[in-house]
Amino acid sequence: AAEDGLSGWLRYARIKGANGYHNKLPSAIVTLNATEGSPVYTAGQELSDGIRGIFGKELELDTASTRKTPRDTTATVGTVTAYLDSNPGAADRLPELVDDGFYLSVSKGNVLILGQNERGTLYGAFHYLSLLAQGNASDFTVTSNPDAPIRWVNQWDNMQDGGTHGSVERGYGGDSIFFWDGKIRDDLTRAGQYARLLASIGLNAVVVNNVNADAKTLTPENMDGLARIADVFRPYGVQLGVSLNFAAPETLGGLDSFDPLDETVASWWKDITDELYKRIPDMAGYLVKANSEGQPGPMTYNRTLADGANMFAHALKPHGGIILFRAFVYDHRSLNQTLDWKADRANAAGDYFDGLDDKFEDNVVIQIKHGPIDFQVREPVSPLFAHLVETPSAIELQVTQEYLGQQAHLVYLAPMWKEILDFDFRVDGKPSRTSDILNGKRFNRKLGGYAGVVNVGTNTTWLGSHLAMSNLYAYGRLAWDPSATSEGMLEEWIKMTFSDDKKVLDVITKLSMQSWPAYEDYTGNLGIQTLCDILLGHYGPNPASQDGNPWGQWTRADADTIGMDRTVWNGTGFAGQYPEEIAAMYENIETTPDDLLLWFHHVPYTQVLKSGKTVIQHFYDAHYAGSAVAQTFPQLWETLRGRPGIDDERFDHVMYRLVYQAGHSLVWRDSINTFYHNKSGIADEQGRVGNH
Ligand code: GCU
C-alpha cells in the first residue's frame, strides 16, 4: 500500500460493479495535436490508465490521424484551438473559457474534453476521471474556469541537507524531494509524481526552494538542476518558481552591495533572470521574503519594499514572469513587550506597505499570510487585503500544519480557510469578500490568487499522514473554486482515496469536520493564539513562552488579565487597520466575536462572554470538551477496520496517529488549564483543574 500513499487520491482503484459501466465509457481516446510530454499527451495517458484502473476497460489511444476504428465511442481530448481546426463549425457551440479553463461533455460514451490551453485540457481529463473514480459516468456537460490565475504551491525546501529544521523547513513528511546535499537530486521521479497530484487539483506552479533562500540556488550548476525539475513538471502543466535571497548579488555575485537602486545590482539580477529563462523558458517567476526575521532586503539600504520588488519585476517582465513579494515583513528584534504597550507585530505589514499601493510594477503580486501573525489556530483575516487596491494580492495558506499539530494531529483545514475566504471586509461599505479581492473582481485586477505552503517530503504519504492529504486536496480545490464546500471536498477526496462505502464516508467526514474545532478547543481559545512552544519547533503546549519572547507573539497574560489590546482608543491600534465597519466591530468588545475576543481585547479572566461563561471557565471547559472529542477519534476509526478501501497498512498508520492525538490532547488540556489556574488562582467551577 505504499503506492496507495504515493498516488494519494489518484489511485484509480477498481470500483464496485465496474463491469456495469463499460457501455457508458468511451472505447477510444483521440488526442489532438499531442506531442509527447505535453499536457494533452499526459491527459490521454491518464485517461487510459484511469479507465483501465477504475473499470478494467482497455481503451485504444490514438491521435486524430492514426485513428483506426472511427465507429466506436470516443473521448476527444485537446485544446479548443486544435478542436476548431477540424471542426470550425463548432465555434458558437463552445462556451467561453479563461486561461486554464475547460469544457467537458459526456454523452453516451462520447466524451469531449477541451481546454482553453494544454493545461486546461489536462484539468478537464482529471475532472472526468475524478467523477468516474467516484462512480459517476452519467451524461452531463460542464464548463469550469478557475477563480484566480495564481494557484501556486510553495515548498520550504532547503538546498543544504541538515539545516536547523532538517531539509524541509516546517516539513513533517521527510526530506526534500528536490534537493540533496546542496544540489538538485539526480532522481526526480517524486517531483514528477508530485506535479501529477497538483495538476489533478488545478494547481499550476511550485516554488521549489525555501523562502529563507540559499543564494547558491543560482549557481550555473543548480540552475541546470532547476531546469531538470521544470522538465519533469512540464508534462503536467506545472510551472517552476524560485525563491530568491535578496543579498545574492553580494554573497554569490561578489558585488559590494545589494542595493536595489544600484545599477550593477539590478543588472546582476537581470543576467541571472536571463540565464534562468534560457534554461526554463516557461518559468513562472520569483518569490521573495525580504526584511523579515533577519533576512536581507531593500530596507537594509533605506529603500522601500516597492523598490525591492520592482527590481525583480523589471528583470522578469521581458520574459512574462511575475514576482510574488511577501508581506510577511517584520523585525523580530525591534519589539519590546515590557516597555511598549503599543508594540504589536500584527501592525507590521500594514505599516510597511502603507503608501506603497500605487508604487508597484504590474507584474508584482503581494503574497499575504491569511492572518497578521503566523498561521495560528484562529486569526482575523489580514487587513492588508483591503489596503492594496491597485496592487494585486495572493493569499498564503499553510497546508503543512506548523502550529496546527504537524500532521501528528488530524486537523482538517478547509472550514478555517473558508471562513477566511468568505470574510467580508466591507471596503467602502460594499461587499468585499477576501476571495473576490483575490480573484481580482472586487478591485478590477487581472492578477491575484493563492499560494499554499505545502512542504511535502520523501515520505510515501507525502505529508507524513494519510488523512492530512485532504488538506492539500482542499487547498487546490478552493484555489480553483472558493465556493466548494468543506464537506463536498471531503466526500470527493474520501471516495477517491479510500472508497464510497457509506461507513467510510460517514466516519472520515465526522472525524475531519470535528477536528479543527476540537484542536482549537484543546489548544488556544478565544483568539489567544495556538499557545504552542514558540522557541522549540512550534509544537506542544507552552503558554509561558507566549510572553516576553522577541517574536511578538504575545498574550500579555498576568495574574488578573489576559489578551492583546489592539483597539485604537487604548491599545496597539491594529483594529483601526480594517475598513470602517469592521474596525468599529473589533474596536468594541461587545461586537467582537467571542472567538477573537482575546485577539483584540485585554480583559480580566472574569470577563463574561456572550455565551454567559467567564473567559477562564471557557478555557477550562473548552479544553475538556476538545480533548473529549479527540478521545473519540480512535474508537471511531476502529469501526472502519476491514471496510472497503481501508487496507491494513493505511488503517494502522492512521490509527497510530489518532491514538497519539487522543493522548496528546490530554497533555494539552492539562498543561493549559493548570497554567492558567496557577496564574489566575481562579477555581474551575467543576472542580476538575488543579487536582492532579
Ligand atoms: C514562520 C515559520 C518560519 C518561516 C516563516 C516565514 O515564522 O516558523 O519557519 O520561515 O514563518 O513564513 O517566512
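Residues numbered from 1 in each chain as written. Predicted model: local features only at pLDDT ≥ 70, side-chain atom pairs only at ≥ 80, totals over all residues.

(A) Representation of the overall build of the protein in the model. Counting its secondary structure elements, the protein contains 20 helices and 18 strands. For 692 residues, the compact-globule estimate of 2.2 N^0.38 gives 26 Å, and the C-alpha radius of gyration of the protein, at 26 Å, lies within 12% of that figure. Once the C-alpha set of the protein is aligned to its principal axes, its extents read approximately 80 × 65 × 50 Å. In the protein, buried positions account for 55% of the 692 residues. Long-range pairs, those at least 24 residues apart, make up 71% of the contacts in the protein with a sequence separation of at least 6. (Helix = DSSP H or I, 4+ residues; strand = E, 2+ residues; numbered from the N terminus. Rg over C-alpha atoms; globule rule 2.2 N^0.38 Å. Buried ≥ 20, exposed ≤ 12 C-beta atoms within 10 Å, placed from the backbone. Contact = placed C-beta atoms within 7 Å.)

(B) Quick peek at helix H14 (residues 469–480). Compared with an ideal rise of 1.5 Å per residue, which puts 12 residues at 16 Å, H14 spans 17 Å between its outermost C-alpha atoms and is within 8% of the ideal. Among the 12 residues that make up H14, 12 are buried, leaving the element largely enclosed by the rest of the structure. When we look at burial in H14, the residues that qualify are Met-469, Ser-470, Asn-471, Leu-472, Tyr-473, Ala-474, Tyr-475, Gly-476, Arg-477, Leu-478, Ala-479 and Trp-480. (Expected span 1.5 Å × (residues − 1).)

(C) A look at the environment of Asp-648. Structurally, Asp-648 can be placed in helix H20 (residues 648–680). Separated by 419 residues in sequence, Asp-648 and Ile-229 place their C-alpha atoms 34 Å apart.

(D) Quick peek at the domain arrangement of the protein. Domain annotation of the protein identifies domain 1 (2–144) and domain 2 (150–497). Computed over C-alpha atoms, the centres of domain 1 and domain 2 are 32 Å apart. Residue-level contacts link 20 residues of domain 1 with 22 residues of domain 2. When residues of the side of domain 1 that touches domain 2 are traced back to their parent elements, those giving at least two are helix H1 (2–6), helix H2 (39–55) and helix H4 (118–133). (Domains from an automatic or database assignment.)

(E) Structural view of helix H15 (residues 486–497). Here H15 is 12 residues long and its end C-alpha atoms lie 16 Å apart, about the 16 Å a rise of 1.5 Å per residue gives. Turning to H15, its buried residues are Ser-486, Met-489, Leu-490, Glu-492, Trp-493, Ile-494, Lys-495, Met-496 and Thr-497. The elements touched by buried residues of H15 are H4, helix H12 (414–422), H14 and helix H16 (502–522).

(F) Broad picture of the sheet that holds strand E5 (residues 110–115). The sheet built from six strands is open, its strands ordered E2-E1-E3-E5-E4-E6 with mixed pairing. A strand with exactly one partner marks an edge of an open sheet, and here the two such strands are strand E2 (60–63) and strand E6 (140–144). The sheet shows a mean angle of 10 degrees between the axes of neighbouring strands, taken without regard to direction. Two strands pair when backbone bridges link them, and strand E4 (residues 102–107) and E5 are joined in this way by six bridges, in the antiparallel orientation. Across the sheet, residue Ser-105 finds its bridge partner in E5, namely Leu-112. Across the face of the sheet, H4 comes into contact with strand E3 (74–79), E4, E5 and E6 while running at roughly 145 degrees to E5. (Pairing = 2+ DSSP bridges. Axes fitted to C-alpha atoms, helices over the stretch in contact; angles between N-to-C directions.)

(G) Quick peek at the UniProt feature "active site" (unreviewed entry) in the protein. Residues annotated in UniProt with the feature "active site" (unreviewed entry) correspond here to Glu-293, Asp-374 and Glu-402. The topology assignment puts Asp-374 in the loop between strand E14 (364–369) and helix H11 (384–387). Tracing the sequence through the fold places Glu-402 in the loop between strand E15 (393–398) and H12. (UniProt positions renumbered as here; feature names shortened; annotations may be inferred.)

(H) Spatial organisation of the packing of helix H8 (residues 263–279) against helix H9 (residues 305–316). Closest axis-to-axis distance for the H8/H9 pair is 9 Å, and the angle between their directions is 45 degrees. Looking at the two axes, H8 sits oblique to H9. The chirality of how H8 crosses H9 is right-handed. Residues Ala-266, Trp-269, Lys-270 and Thr-273 of H8 lie in contact with H9, whose contacting residues are Met-311, Phe-312, His-314, Ala-315 and Leu-316. Class assignment for the residues of the contact of H8 with H9 results in six nonpolar, two polar and one charged. (Parallel < 35°, antiparallel > 145°, perpendicular 65-115°, else oblique. Left-handed = near helix turned anticlockwise from the far one by under 90°. Nonpolar A, V, L, I, M, F, W, Y, C, P; charged D, E, K, R; others polar.)

(I) Highlighting unusual backbone geometry. Phi at Asn-302 takes a positive value of approximately 55 degrees, unusual for a residue other than glycine. Despite not being glycine, Gln-406 has its phi angle at roughly 50 degrees, a positive value. Counting through the fold element by element, Gln-406 comes out in the loop between E15 and H12.

(J) Main features of the sheet that holds E15. Pairing in this closed barrel of eight strands is parallel, and the strands run E7-E10-E11-E12-E13-E14-E15-E16 around the ring. Along the sheet, successive strands turn relative to each other by an average axial angle of 25 degrees, direction set aside. Note that strand E13 (residues 322–326) and E14 share four bridges and pair parallel. The partner of Ile-323 across the bridge, within E14, is Val-364.

(K) Focus on the packing of H2 against H4. In the contact formed by H2 and H4, the axes pass within 8 Å of each other and the chain directions differ by 10 degrees. As the angle between them shows, H2 and H4 are arranged roughly parallel. For the pair H2 and H4, contact is made by Pro-39, Val-40, Thr-42, Ala-43, Glu-46, Leu-47, Gly-50, Ile-51 and Ile-54 and by Glu-118, Arg-119, Thr-121, Leu-122, Ala-125, Phe-126, Leu-129, Leu-132 and Ala-133, respectively. In the contact of H2 with H4, the residues fall into 12 nonpolar, three polar and three charged.

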